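Descriptive structure summary
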Amino acid sequence: MLAFRYIAFHYLKYFSVILIALVMFLVGFDYMENADSLSSSANLVLIYLVYKAFFAIDMLLPLSLIFAMISTKIFLIRSNALVSFYSLGYSKVDVLKPFVVVSSTIVVIFISLHALPSFSRADEFSNNIRKNAAYLSPTKDLFFTYKDKYIYFSQMLPLQEKAEGIRVFSIKENSLKEVVVAKEATYRDESWHIAEADIITKPDNMSFESKGIKVDHEKGLSILHGFRPKMLDQVYEGKVNFTIKDAIDALFLLKDQNINTSSIKGALYKIFIYPFFVPCLVVIIFFFVPISARFLNVSLFSFGAILATLLIWGILFMLIELSNNKTISSEAGVVAPVIILFFIALRQWRKYRLAA
């Protein structure tokens, strides 16, 4: 237990230092690059930097956990603490456990942070502040299908939960049957409510004897039950940074509409599965670290381990981007690499546990 606390303390210390350093570097570099295009408002600049910090944490936290493990292991080697633990009867698996427990716990906390819009959509919000001086910008010319209806919003305001320039087209037997025209709609009680609308109805029989097009004025219409403004904005604009709740709701809702949900599944895989490459890689790298500095050039090994980590992280990041662009399936781009790393780590764990 004493060894567990000692190793966990130093692991958390190195993790904190490395994460803060990487986040400050990314945010500082971004600010120097985009300072001229930011608003002169100090409040907006501060909010922009906070969102950029959240985005940096989202991207760099997994790397920081692995770099911290390498740094902690090198510290244990150089201080001869690792040899002392082995001399006291601790096995390699015993020394590894603090790294796995701490990294897995931080990964679970990291996943739970994606329930917060300010964290999961931080990159989108910061880009909106840079371009539009507002963290949520209006979505224009939104056209989508829902329950055999085609719906058009000329402009949607997610923050105000309001849409303007509404058109709802009803199709029957591949022919336009009805069009609902309204100036605006507001979202409340899980539906979009239209105060006043004109309903244009086309006759079934288009001939000189037919009654012609009928226009009725209606009040109090309700459409799009369950489609929250932020969900509409993300799903139909092709954005991939979902919160956990939005992604799950969109997945079930769009499945009922027979709409392709591969991008949403990819977002969920990225949230729940991708971060677990960290404990897997921690286990794999751990067993390649020498016991003492006398057996290997520690500096050279550190460089190699960091380079290998960056290479694997880069490959995973590339596969995620390919799955986001639907070049490959999300299962092949996100799930399969993590499963492969898991089985390699499991093999290493069992091998050294049985050897002990």
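These remarks concern the structure in this document. Keep in mind it's a predicted model, so treat the numbers as computed, not measured. (Residues numbered from 1 in each chain as written. Predicted model: local features only at pLDDT ≥ 70, side-chain atom pairs only at ≥ 80, totals over all residues. Heavy atoms only, no water.)

1. Details of the pattern of salt bridges
So the rule is basically this: Any carboxyl oxygen of Asp or Glu within 4 Å of a side-chain nitrogen of Lys or Arg constitutes a salt bridge here. Strands are runs of DSSP state E lasting at least two residues, helices are runs of H or I lasting at least four, and both sets are numbered from the N terminus onward. The buried label goes to any residue with under 20% of its type's maximum accessible area, the exposed label to any with over 50%, and the partly exposed label to all in between, with areas taken from a 1.4 Å probe on protein chains only.
Under the counting rule described, the total for this entry stands at five salt bridges. With a shortest N-O distance of 3.3 Å, lysine 52 and aspartate 123 are connected by a salt bridge. Separated by 71 residues along the polypeptide, lysine 52 in helix α2 (residues 42-78) and aspartate 123 in helix α6 (residues 122-132) bring together distant segments of the chain. The shortest N-O distance in the salt bridge between arginine 121 and glutamate 124 comes to 2.7 Å. Since its relative accessible area comes to 1%, arginine 121 is described here as buried. Using a relative accessible area of 10% as the deciding quantity, one classes glutamate 124 as buried. Through salt bridges with shared partners, a single ionic network connects Asp30, Lys52 and Asp123.

2. Here's the deal with the nonpolar core
Test applied: Here, nonpolar core means buried Ala, Val, Leu, Ile, Met, Phe, Trp, Tyr and Cys residues that are tied together by side-chain atoms lying within 4.5 Å of each other. For this analysis, residues touch if any pair of their heavy atoms sits within 4.5 Å.
Within the largest apolar cluster, 63 residues are counted, with the highest numbers of intra-cluster contacts made by Leu96, Phe99 and Phe277. Only α1 (2-34), α2, α3 (81-87), α4 (92-112), α10 (277-286), α11 (298-324) and α12 (330-355) provide two or more residues apiece to this core. The residues touching phenylalanine 277, leaving out its near neighbours within four places in the chain, are Pro62, Ile66, Trp313, Leu316, Val338 and Leu341. Grouped together as the second largest cluster of nonpolar side chains are 29 residues, Ala197, Ile199, Leu224 and Phe227 included.

3. Side note on α11
Going by this rule: The span one expects for a helix is its residue count, reduced by one, times 1.5 Å.
With 27 residues, α11 ought to run about 39 Å at 1.5 Å a step, and its terminal C-alpha atoms sit 39 Å apart, in line with that. Downstream of α11 by one or two residues, lysine 326 has phi in the positive range, about 65 degrees.

4. Some details on the sheet that holds strand β6 (residues 214-223)
To summarise the sheet geometry, strands pair through backbone hydrogen bonds and adopt either a parallel or an antiparallel arrangement. Basically, it comes down to this: In this analysis, strands are considered paired if DSSP registers two or more bridges between them. Angular values range over 0 to 180 degrees, each being the angle between N-to-C directions of two axes fitted as lines to C-alpha atoms, with helices fitted over their stretch in contact.
Pairing in this open sheet of six strands is antiparallel, and the strands run β1-β2-β3-β4-β5-β6 from one edge to the other. Unpaired on one side and paired on the other, β1 (139-146) and β6 mark the two borders of the sheet. Taking the axes of each pair of neighbouring strands and ignoring which way they run, one obtains an average angle of 20 degrees across the sheet. Relative to strand β3 (residues 162-172), strand β2 (residues 149-157) runs antiparallel, the two being bridged by eight bridges. Looking at the pairing, tyrosine 152 lines up with arginine 167 of β3.

5. Structural notes on a nonpolar patch on the surface
Going by this rule: For patch building, the residue pool is restricted to those with more than 30% relative accessible area and no salt bridge; the joining distance is 9 Å between like charges and 5 Å between nonpolar side chains (Val, Leu, Ile, Met, Phe, Trp, Tyr). Each accessible area is a Shrake-Rupley result for a 1.4 Å probe, and residues are judged covered by the shown protein chains and nothing else.
A surface patch of nonpolar side chains, about 350 Å² in accessible area, is lined by Phe143, Tyr150, Ile171 and Leu176. According to the relative accessible area criterion, phenylalanine 143 is partly exposed, its value standing at 48%.

6. Details of the packing of aromatic side chains
Operational definition: Side-chain rings of Phe, Tyr and Trp, where Trp is taken by its six-membered ring, are said to pair if the distance between their centres is within 6.5 Å; with planes under 30 degrees apart they count as stacked, over 60 as edge-to-face, and otherwise as tilted. Charges are assigned to positions over rings by a cutoff of 6 Å between ring centre and Lys NZ or Arg CZ, combined with an angular limit of 35 degrees from the ring normal.
Under the criterion given, the structure shown has 16 aromatic pairs. For the ring pair phenylalanine 143 and tyrosine 150, a centre distance of 6.1 Å and an interplane angle of 15 degrees mean the geometry is stacked. Counting every residue linked through ring pairs, the aromatic cluster contains Tyr11, Phe99, Phe286 and Phe287. A cation sits over an aromatic face here: lysine 13 above phenylalanine 75, 5.8 Å from the ring centre. Directly above the aromatic system of phenylalanine 286 lies the positively charged group of lysine 73, at a separation of 3.6 Å from the ring centroid.

7. A word on unusual backbone geometry
Non-glycine residue asparagine 80 carries a positive phi angle of around 65 degrees. Note on placement: asparagine 80 falls in the loop between α2 and α3.

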